[in-house]
Amino acid sequence: MAAKKTPAKTSRKSSPSGEGGARLSLGGTLRRALRWFGWAVLGVSLLLVIWIAAYRWIDPPTTPYMRAEAARLGEIRQTWVPLDQITPELARSVVAAEDANFCAHWGFDMAAIRAAIEAGGTRGASTLSQQVVKNAFLWHGRSWPRKALEALMTPVMEALWSKQRILEVYLNIAEFDEGVFGAGAAAPWYFGVPASDLSRAQSAALAVVLPNPKARSAVRPTPTLQRRAARVADGAETIRRDGRAACFED
């Protein structure tokens, strides 16, 4: 009697279940998304570095804030003036008023930051370098994304620009009155003279309007602003004598 043949067992390769395949597909999609995100971040970072580097030699034709103010007001005033055509009195006054350690830091004044923290955040600690980054490249407002970009871009600018260039750009894009930007426009607007002919008192008066130019006037200062301007004039002379103006003066 012949033995009954049993069907041969066929081997089958195991295949991933539908759920496992979905997980693998999702994982691949996430990896691709992260890869593209990384390339996008790298591309944006390179563009920002190129933009910052370009302004080392190219005078900013406008800024995001200037464009916003021009749209709101209809027009703005600005006349670009090279640093060597701006009186040193104004440069020293602005440094004395806004960032007395400008020549000593690399973009962030750590002593001022500690003092601001100890004061409970009631005093500012932004350096001129940080203000240039905010005014030249970013938007105004107290948002964390802007502050993060400012913190990342400030050291890059400090590495690529000279202190003279930082101060030159600041003095040409800072707002001194509503719709009046830069020393080249502010000097004739307030005093009827070019930026090269501003006196020490006029320079100090311009410097003290900077924190709030829409509410302050260099020609109609309050008694508090007058006292502040006198202190700024003294501070400007002090930083000249003790060498804290050396990085932006020949």
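This report concerns the structure included in the present document.

Criteria and thresholds
- Residues numbered from 1 in each chain as written.
- Predicted model: local features only at pLDDT ≥ 70, side-chain atom pairs only at ≥ 80, totals over all residues.
- Heavy atoms only, no water.
- Axes fitted to C-alpha atoms, helices over the stretch in contact; angles between N-to-C directions.
- Helix = DSSP H or I, 4+ residues; strand = E, 2+ residues; numbered from the N terminus.
- Parallel < 35°, antiparallel > 145°, perpendicular 65-115°, else oblique.
- Left-handed = near helix turned anticlockwise from the far one by under 90°.
- Contact = heavy atoms within 4.5 Å.
- Disulfide = S-S within 2.5 Å.
- Buried < 20%, exposed > 50% of the residue type's maximum accessible area, 1.4 Å probe, protein only.
- Salt bridge = Lys/Arg side-chain N within 4 Å of Asp/Glu carboxyl O.
- Phe/Tyr/Trp six-rings, centres within 6.5 Å; stacked < 30°, edge-to-face > 60°.
- Lys NZ or Arg CZ within 6 Å of the ring centre and 35° of its normal.

Here's the deal with the packing of helix α9 (residues 200-207) against helix α10 (residues 223-241)
Following both chains from N to C, one finds α9 and α10 inclined at 115 degrees, their axes separated by 8 Å at the closest point. In terms of their interaxial angle, α9 and α10 are classed as roughly perpendicular. Here the hand of the crossing between α9 and α10 comes out right-handed. Contact residues: α9 offers Arg200, Ala204, Ala205 and Ala207, while α10 offers Ala229, Val232, Ala233 and Glu237.

Details of the state of the cysteines
This structure, assessed with the given rule, holds one disulfide. Between Cys103 and Cys247 runs a disulfide, and the two sulfur atoms are separated by 2.0 Å. With the S-S dihedral at roughly -75 degrees, the linkage between Cys103 and Cys247 falls on the left-handed side. Taken as a pair, Cys103 in the loop between α3 (88-98) and α4 (110-118) and Cys247 in the segment after α10 lie far apart in primary sequence, 144 residues in all. Assessed through its relative accessible area of 24%, Cys247 is described here as partly exposed.

Quick word on the pattern of salt bridges
On inspection of all chains with the given rule, the structure shows 16 salt bridges. Across the pair Arg165 and Asp59 runs a salt bridge, and its minimum N-O distance is 3.0 Å. Separated by 106 residues along the polypeptide, Arg165 in helix α7 (residues 163-173) and Asp59 in the loop between α1 (18-54) and α2 (64-73) bring together distant segments of the chain. A salt bridge links Arg72 to Glu178, with the nearest nitrogen and oxygen atoms 2.9 Å apart. Of the two residues, Arg72 sits in helix α2 while Glu178 sits in the loop between β2 (175-177) and β3 (180-181), which places them 106 residues apart along the sequence. Its relative accessible area of 47% is what places Arg72 among the partly exposed residues. Here the residues in one salt-bridge network are Glu89, Arg92, Arg200, Glu237, Arg240, Arg241 and Glu249, joined through shared partners.

Some words on the packing of aromatic side chains
For the coordinates displayed, the defined rule picks out eight aromatic pairs. Judged by centre distance (6.2 Å) and plane angle (50 degrees), the rings of Phe102 and Phe248 are tilted. You can see Phe102 sitting in the loop between α3 and α4 and its partner Phe248 sitting in the segment after α10, a full 146 residues away along the chain. Each member of the pair, Phe102 as well as Phe248, carries the same accessibility label: buried. Each ring, one from Phe137 and one from Trp161, has its centre 6.4 Å from the other, and the planes form 55 degrees; the classification is tilted. Residue Phe137 is located in helix α5 (residues 128-137), and its partner Trp161 is located in the loop between α6 (144-160) and α7; the two are separated by 24 residues in the primary sequence. Residue Phe137 is classed as buried on the basis of its relative accessible area of 5%. Members of the aromatic cluster, each reached through a chain of ring pairs, are Trp51, Tyr55, Phe137 and Trp161. The ring of Phe102 carries the charged tip of Lys163 above its face, separated from the ring centre by 4.5 Å.

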